[in-house]
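Tertiary structure, described
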Amino acid sequence: MESSDVVNENKRLVAHFYDEVWNRGNIDVALEAFADDYVRHDLRPTTAGPGGEGQRQIAAAFRHAFPDLSFMAGLLNLEPSR
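In this report, we go over the structure that sits alongside the text. (Residues numbered from 1 in each chain as written. Predicted model: local features only at pLDDT ≥ 70, side-chain atom pairs only at ≥ 80, totals over all residues. Heavy atoms only, no water.)

The topology assignment puts Glu20 in helix 1 (residues 3-23). We classify Glu20 as buried; its relative accessible area is 17%. Looking at Glu20, its side chain comes within polar contact range of the side chain of Asn26, at 2.3 Å. Residues in contact with Glu20, not counting those within four places in the same chain, are Gly25, Asn26 and Val29. (Helix = DSSP H or I, 4+ residues; strand = E, 2+ residues; numbered from the N terminus. Buried < 20%, exposed > 50% of the residue type's maximum accessible area, 1.4 Å probe, protein only. Polar contact = N/O pair within 3.5 Å; in protein donor to acceptor, adjacent residues only side chain to side chain. Contact = heavy atoms within 4.5 Å.)

Structural data, given as structure tokens:
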């Protein structure tokens, strides 16, 4: 796969994740979007575990607190560093 194909696929995945999980509330999509060994690097404290399940738990908590929450990704910078 060419690097431009990888970048485009990553952009599609990130856009899909934000649309489905945050905008539509389909939190199970987090299970598809994150590797099982994904580790969250965030300063906010949480008891959520690693991987898609942890991201699913975070999304569920946010969606519970803010049921009409939505995001719009105006810029996805996923180009490789040079």
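A separate point is the side chain of Gln55. Among the structural elements, Gln55 can be located in helix 3 (residues 51-65). When near neighbours in sequence (up to four residues on either side) are disregarded, Gln55 contacts Ala30, Phe34, Tyr38 and Arg40.

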